[in-house]
Amino acid sequence: MTDRRRINGPPGETIPPFFDDADRAPETAKGRFRPSNAIRKMFLKTGVTPSASGSAYLEISTSAKPGASGLKLSCSVHGPRSLPRSAPFSPHLVLTTHVKYAPFATRQRRGYLRDSSERDLSVHLETALRGAIIADRWPKSGVDIIVSILEGDQERETSRSQGDEVWEMMNALSGCITVAAAALADAGIDCVDTVAGGVAALVQDTDGDESQPSIVLDPVPSEHAKILAACCVAYLPTRDEVTNLWFRGDVPASDMELYNSLVEKGIQASRNANRVLVGCLTESVGEGDTS
Amino acid sequence: MSRHQYIRNLDYQDVLDEYEGYSDEEDDELSPEDRELMTQGTAAVQAALGVEASKVTVAQIEEALWHYYYDVDKSVAYLISKFVNPAPKPAKTQPHQRTGKLATRAFSTVDHALLLDHDLPTDWATKTSNLTDAAPPATLGFSSSVGSRCQASSRTGPSLAHLFHDMPWGNVPAHRSTTFVPPLTPRGGLLGGSGTAPKMSKLQALAAARKKKAQEQSAASNAVAEAVVGLNELSVRDAAGGNEGAAAANPPSKRFKTSAATSLGSLPSLLASKSQTAAARPSPGEAPERLPSAPPPTQPAPSPGLRGTPAESCEATATADDATTTAPSSFGDVLSGIRSSARPTTAAAESKPWDRVEIDFDGPLYGVDGRGKAPPEDDRSSLDWFEVRRRKRGDSDLYEDVVVLFPNLPQSARDAFAKPSPDDIVLAAQAKSQTKAGQKTTPASKAKKTAPAAGTGDAKAEEPKAVEAPLPKSRNLDVLSEFEKHKGKKSASFVVVGHVDAGKSTMMGRLLLDLSVVDQRTVEKLRKEAQTIGKSSFALAWVLDQRAEERTRGVTIDIATNRFETDKTIFTVLDAPGHQDFIPNMIAGASQADFAILVIDAGVGAFEAGLKGQTREHSLLIRSMGVSRIIVAVNKLDMVSWSQERFEEIKNQMAGFLSMASFQAKNISFVPVSGLYGDNLVRRSANPAAAWYTGPTLVEELESSEPSARALTNPLRITASEVYRTMQSPVTVAGRVDAGSLQVGDALLVQPSGEKAYVKSLLADDAPAEWAVAGQSVVLHLSHIDPIHVRVGDIICDPAKPVARSDRFTMKALAFDFLTPMQVDVHRGRLHAAGRIDAIPALLDKVTGAVANKKPKIVKPGTVARIVVQLEAPVPLEAGQRVVLRSGGQTVAAGLLE
């Protein structure tokens, strides 16, 4: 489907190139600054969009210096509202998820219409949230969850190595799940638990086959030489349930243990994210007390 | 206020207060028994350490004892490894095993800790929870690869079956499924409305009943399964029950903003984290690893499997808070607005995330940026809804007390209610107008009682009706002087009569087309339509014959009215039907006409047939209806190639006949025309064969015809020729003003029903007007009358001088046929009534009017007689009116009422 309503730039445009300066020491692969079992720091805040029923903003910064690129997500929840007359009867809450990269969110500029990868993310997000929402409490109603990815967790410096964007998409999905759970809670839509997303990856820190691959939480592609496999998990901590699992990579099928440990690490990352989520919600409840 | 906002503003303090007891128990005050054990243990440890005891403080010993649950040996081992002989790197397996064991113990007890204020010793609960808190630090630095390796060693069979061994595959065990807390707000109703209990729709009620039934069934089936559920589940259910109780204790209007709080698990975890921060507040300098207690306390008994060993999960969740939360970037700062601007961004604050929660609000923030000034605190209670204020009265020294209602509201809000509400204004106005109308009805009904009684005598005294609308206002014009001042065109009406198929309608259609009353397009359309049914020559006639029946049959059935104007006069065309079956309609038309056009078919044989048929009958009828001026249009002369001989022949014959029918010779004129082609109608014939005719065209003849004198000063008489319903009035009457005048607002009397009506508005000659005079065609919009009282043929008259109703009358009749005492139909305009000739008192002389013969048995055709007609029902008739008597489809007599 082509976008006829807006004036689109030429296809395939990118941000301005980042030239290697002779004076500046080329920023080599920076390596991971945090422990392998720690996720990046995140900032989560609910109630950022006044017009929405519920909303949340999530920010994950990659490096210590503020303002550097990271993941910035804004989620708004509209509803529960009655379904349009044309819609068929539904005894459950009809969940609609939209994940959209802002045109400027990634190195490769995005269009205004959702492309297939964004639709894919939407489907993943919907699956993740569907397991958490108590949908039969809202018959004949619909909820729209709209996640805007304002910054897509792509390092500007690494523009020369146009890597596989799937790894960044996994990080984005885990963020989407967490921020959508916060926005759902902000909207007061009943859930069995707060669902949070977590990513674990099997990475190789130095090039070459001799180094031992290791599993890290919350991988940032620019921090590692190579990502062999990754797994994004949406996890309900209280019920000990995984609502969505996305596994990707080149892992020998025989090594079942590796699969297990990747999923476990993903759950661990999700638990860590969930703590931030619960803390944020507690804080917003506390705010409700004072105001 | 949106619901979102409403929920946000709810007071959660009440809800959370109920759990204060729990947080108090978290206090690390030791109970006397613990203190006793602690001192004993400390002494034992110090003894065991011997000289090395100086290297460790009492606090460290106590800490260790606390963690190892007063196990002296373990505490000593720990203290030695930690403080006395700190190894460069502790052995990895040892702490792992230890923590594993401890964690298992911790998890077996953690469910008891859940029993918020149940009968378990609180100190034990505190201890166990502290144990879990303290466990992790040693294992924090675990590398994941190592972790996975050691998992591999600890696991027996790494296979798919093992991977999914605790996967329920749909059969989720009872202990894992959560207990749903019913929603706190009474849902199930329609949104909105007042605070009353919402009404359930039928569908909802049905769904609720069905759900209840299903729950009962499942409860019965689960009863067996529940019997074997162990202690852990019981304790979990207890906790759930506690939660449910707590939820039920909440006021139903309050509702958690976070949905997570409504679910079983997250509620206590939220509370727990809150209580932790509360505990942290008094002593922020305390050891940080104790405070952010790691696992959510409500976590159900973990099963080894997907999530790995308990130690692993414990380690995973033990990651410190400060590793995961961060201050927002400048963008996020702007986006999240007020809250984060109040947050300190020092490094110290960032490193201690629990400090962030400590920031106290000075109260709600005002303004967009949160820096606005709070409105002054209002200490008035809600009971102060009025206030007595003392005000100086005018320029005197007196003071008066003024009661100000709702003084807390701003002046503008109070002003809004100072005046009567718009509803009150409307209601008051309506009440006023009703009383006025009530006063008005009295004189109106009085007038009704007096006026009709004067004339008819049988006009019954009417009940004063409830008048719902005000009477139309009369401007009390002097209509006659208005009429004289009025310099409009004079109006005249003429009827087109003639034998059937003489071409009356076609001629009139051509006339209207040539006068541009109908446009060429309409005629072309009609022509096309006519062609489709094979009657293309009827296209012009269809301009006037608009009914489907008339078009299919090709004859005019009812009179068609149209209007055109020339330079001087507005003409009303009444196209009468020629067929003998529709003579009554023709009579109705002729009674409204000032003069007549008699159309004669000049075709060979057609004229002669007509002379025996309706040409003759129509001529006699229009004459007896009082029409004296007649224009004879000799039509279809194009069929006889404009033969002058034929025209002259017809002219001679018709002149003789018409003079015999007592038309004066000066009132008769002859015009040779072609209705189909329009020769000599509006324009002169361009046909050279018709050049012999130099007289006036038909329209010129019409213009030269003076309408008969109007009976302007006579009492009002209107014959209703049509009654229908319009937007302006349910009773709309169309007719011709036979005599008199009227104006808007006049009261009228409808005869024979005797009902009174008022003129709401009127159209004179199709134009809105204030008044109308005799001779005009009017459309009256009547009010204050029921439609059943007005029928076609009724006489509308002046209530002061009403037309009499009578079922017996005497008339001077010109007989067209033999008259004997017989059944006749009396026609007067649209009105026709059945009756019989009751008596023939006298035979009169045709010229002098003297009685020639008394009580004749029979009246011969062509003679004049005085007859008495008895009607079956009273009809409004009065002297001087012309009526037609018909019998058996034939006109038998016409005459004047005496």
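Residues numbered from 1 in each chain as written. Chains lettered and ligands numbered in written order. Predicted model: local features only at pLDDT ≥ 70, side-chain atom pairs only at ≥ 80, totals over all residues. Heavy atoms only, no water.

*Asks:* Please give an account of the overall build of chain A that cites residues and values.
*Replies:* Within chain A, the regular secondary structure consists of three helices and nine strands. When the helices and strands of chain A are placed in sequence order, the string is β-β-β-β-α-β-α-β-β-β-β-α. Expressed as a percentage of the 291 residues in chain A, the buried residues total 60%. Long-range contacts, defined as pairs at least 24 residues apart, comprise 72% of the intrachain contacts of chain A with a sequence gap of at least 6. Of the roughly 11,900 Å² of accessible surface on chain A, 55% is carried by carbon and sulfur atoms. (Helix = DSSP H or I, 4+ residues; strand = E, 2+ residues; numbered from the N terminus. Buried < 20%, exposed > 50% of the residue type's maximum accessible area, 1.4 Å probe, protein only. Contact = heavy atoms within 4.5 Å. Areas by Shrake-Rupley, 256 points an atom, 1.4 Å probe, with all protein chains shown as cover.)

*Asks:* Go over the overall build of chain B with me, naming the residues and quoting the values.
*Replies:* Tallying secondary structure elements over chain B gives 30 helices and 24 strands in all. Within chain B, contacts between residues separated by at least 24 positions form 68% of all contacts whose residues are at least 6 apart in sequence. Only carbon and sulfur atoms are counted for the fraction: they give 56% of the accessible area of chain B, which is about 46,700 Å².

*Asks:* Please give an account of the pairing of strand β10 (residues 731-739) of chain B that cites residues and values.
*Replies:* Residues and elements named next belong to chain B. The buried fraction of β10 amounts to eight of the nine residues, a majority that puts the element mostly inside the structure. Where strand β9 (residues 717-724) lies against β10, seven bridges are found, and the strand directions are antiparallel. Directly across from T719, in β10, lies its bridge partner R736. Linking two consecutive strands that pair antiparallel, namely β9 and β10, is a turn of six residues. Bridge analysis of β10 against strand β16 (residues 777-783) gives six bridges, and the strand direction is antiparallel. Bridging across to β16, G735 finds its partner in V778. (Pairing = 2+ DSSP bridges.)

*Asks:* Which residues make up the sheet that holds strand β3 (residues 70-82) of chain A, and what are the values?
*Replies:* All names here are of chain A. Strand order in the open sheet made by the five strands is β1-β2-β3-β5-β4, with mixed pairing throughout. This sheet does not close on itself; its edge strands, each paired only once, are β1 (42-46) and β4 (94-101). Geometrically, the sheet is characterised by an average inter-axis angle of 15° between neighbouring strands, direction not taken into account. Strand direction decides the pairing type here: β4 and strand β5 (residues 141-152), joined by eight bridges, are parallel. If you follow V94 over to β5, its bridge partner there is G142. Lying over the sheet, helix α1 (residues 116-130) contacts β4 and β5, oriented at roughly 140° with respect to β4. Against the sheet, helix α2 (residues 166-187) engages β1, β2 (54-61), β3, β4 and β5, with an angle of about 40° to β3. (Axes fitted to C-alpha atoms, helices over the stretch in contact; angles between N-to-C directions.)

*Asks:* If you had to explain the pairing of strand β7 (residues 214-217) of chain A to someone new, which residues and values would you point to?
*Replies:* Residues and elements named next belong to chain A. The side-chain alternation of β7 yields two buried faces, one formed by S214 and V216 and the other by I215 and L217. As paired elements, strand β6 (residues 196-204) and β7 share four bridges and run antiparallel to each other. Looking across to β7, one finds that V203 is bridged to S214.

*Asks:* Provide a residue-level description of the packing of α1(A) against α2(A), including the pertinent values.
*Replies:* Residue and element names in this part refer to chain A. Taken N-terminus to C-terminus, the directions of α1 and α2 make an angle of 45°; their axes are 10 Å apart at the nearest point. The pairing of α1 with α2 is recorded here as oblique in orientation. Regarding α1 and α2, the two cross each other, and that crossing is right-handed. Note on element contacts: α2 touches α1 through M169, L173, C176, I177, A180, A181 and L184, opposite S117, L121, H124, L125, A128 and L129. Taken together, the residues that form the contact of α1 with α2 break down as eleven nonpolar, two polar and no charged. (Parallel < 35°, antiparallel > 145°, perpendicular 65-115°, else oblique. Left-handed = near helix turned anticlockwise from the far one by under 90°. Nonpolar A, V, L, I, M, F, W, Y, C, P; charged D, E, K, R; others polar.)

*Asks:* Summarise helix α5 (residues 58-67) of chain B; cite the residues concerned and give the values.
*Replies:* Within α5(B) the residues assigned to the buried category are B:I61, B:A64, B:L65, B:W66 and B:H67. Positioned one or two residues after α5(B), B:Y69 has a phi angle of 60°, which is positive.

*Asks:* Got a sec to walk through the environment of B:V824? Specific residues and values, please.
*Replies:* Residues and elements named next belong to chain B. Mapping V824 onto the fold places it in strand β19 (residues 823-828). On the accessibility criterion, V824 (2% relative accessible area) is buried. Between the C-alpha atom of V824 and that of G889, which follows or precedes it by 65 residues, the distance is 9.9 Å. Apart from residues lying up to four places away in sequence, V824 is in contact with A833, A834, G835, R836, I837, V869, L885, R886, S887 and V892.

*Asks:* Explain the pattern of salt bridges to me, using residue names and the numbers behind them.
*Replies:* Residues and elements named next belong to chain A. Under the defined criterion, the tally for this structure stands at 25 salt bridges over all chains. We note a salt bridge from R81 to D144, for which the minimum N-O separation is 2.4 Å. Here D144 lies in strand β5 and R81 lies in strand β3, a separation of 63 residues in the sequence. Judged by relative accessible area, R81 falls into the partly exposed class, the value being 41%. (Salt bridge = Lys/Arg side-chain N within 4 Å of Asp/Glu carboxyl O.)

*Asks:* Summarise the side chain of A:R34; cite the residues concerned and give the values.
*Replies:* Residues and elements named next belong to chain A. By the secondary structure assignment, R34 is in the segment before β1. Only 2.6 Å separates the side chain of R34 from the backbone oxygen of D218, close enough to count as a polar contact. Here R34 is in contact with I39, R40, L217, D218, V220 and E223, once residues within four sequence places are set aside. (Polar contact = N/O pair within 3.5 Å; in protein donor to acceptor, adjacent residues only side chain to side chain.)

*Asks:* I'd like a description of the sheet that holds strand β3 (residues 490-498) of chain B, backed by residues and values.
*Replies:* Strand pairing in a sheet relies on backbone hydrogen bonds, with the paired strands running either antiparallel or parallel. Residues and elements named next belong to chain B. Strand order in the open sheet formed by six strands is β4-β5-β3-β6-β7-β8, and the pairing between neighbours is mixed. Of all the strands in the sheet, just β4 (560-565) and β8 (668-672) have a single pairing partner and so form its edges. Across the sheet, the axes of successive neighbouring strands diverge by a mean angle of 25°, strand direction being ignored. Across five bridges, the pairing between strand β7 (residues 629-635) and β8 is parallel. Paired with I631 across the two strands is S669, which belongs to β8. Sitting on the sheet, helix α28 (residues 614-624) touches β3, β6 (595-601) and β7, and the angle it makes with β3 is about 145°. In the packing of helix α29 (residues 644-660) onto the sheet, contacts are made with β6, β7 and β8, and the angle to β8 comes to roughly 160°.

*Asks:* Quick rundown of the nonpolar core? Include the residues and the values.
*Replies:* With 80 residues, the main nonpolar core has A:L44, A:V77, A:L125, A:I145, A:V147, A:I149 and A:I189 as its most contacted residues. No other element matches the 16 residues that α2(A) contributes to this core. Leaving out residues up to four positions away in the same chain, A:V77 has contacts with A:A52, A:S53, A:G54, A:V143, A:D144, A:I145, A:A183, A:L184, A:A187 and A:I189. If you look at the next biggest cluster of nonpolar residues, it comprises 74 residues, including B:L544, B:V640, B:L658 and B:A661. (Core = buried A, V, L, I, M, F, W, Y, C linked by side-chain atoms within 4.5 Å.)

*Asks:* Describe the packing of aromatic side chains, listing the residues and the values that go with them.
*Replies:* Applying the stated rule across the entire model yields twelve aromatic pairs over all chains. Among the aromatic residues, those joined into a cluster by ring pairs are B:F494, B:F564, B:F571 and B:F595. The aromatic ring of A:Y101 is capped on one face by A:R110, whose charged end is 4.0 Å from the ring centroid. (Phe/Tyr/Trp six-rings, centres within 6.5 Å; stacked < 30°, edge-to-face > 60°. Lys NZ or Arg CZ within 6 Å of the ring centre and 35° of its normal.)

*Asks:* I'd love a proper account of helix α24 (residues 520-532) of chain B, names of residues and values included.
*Replies:* Residue and element names in this part refer to chain B. For α24, which comprises 13 residues, the first-to-last C-alpha distance of 18 Å matches the rise-based estimate of 18 Å (1.5 Å per residue) to within 8%. On the buried face of α24, the contacting elements are α23 (504-514) and α25 (548-553). G534 lies just past α24 and shows a positive phi near 75°. (Expected span 1.5 Å × (residues − 1).)

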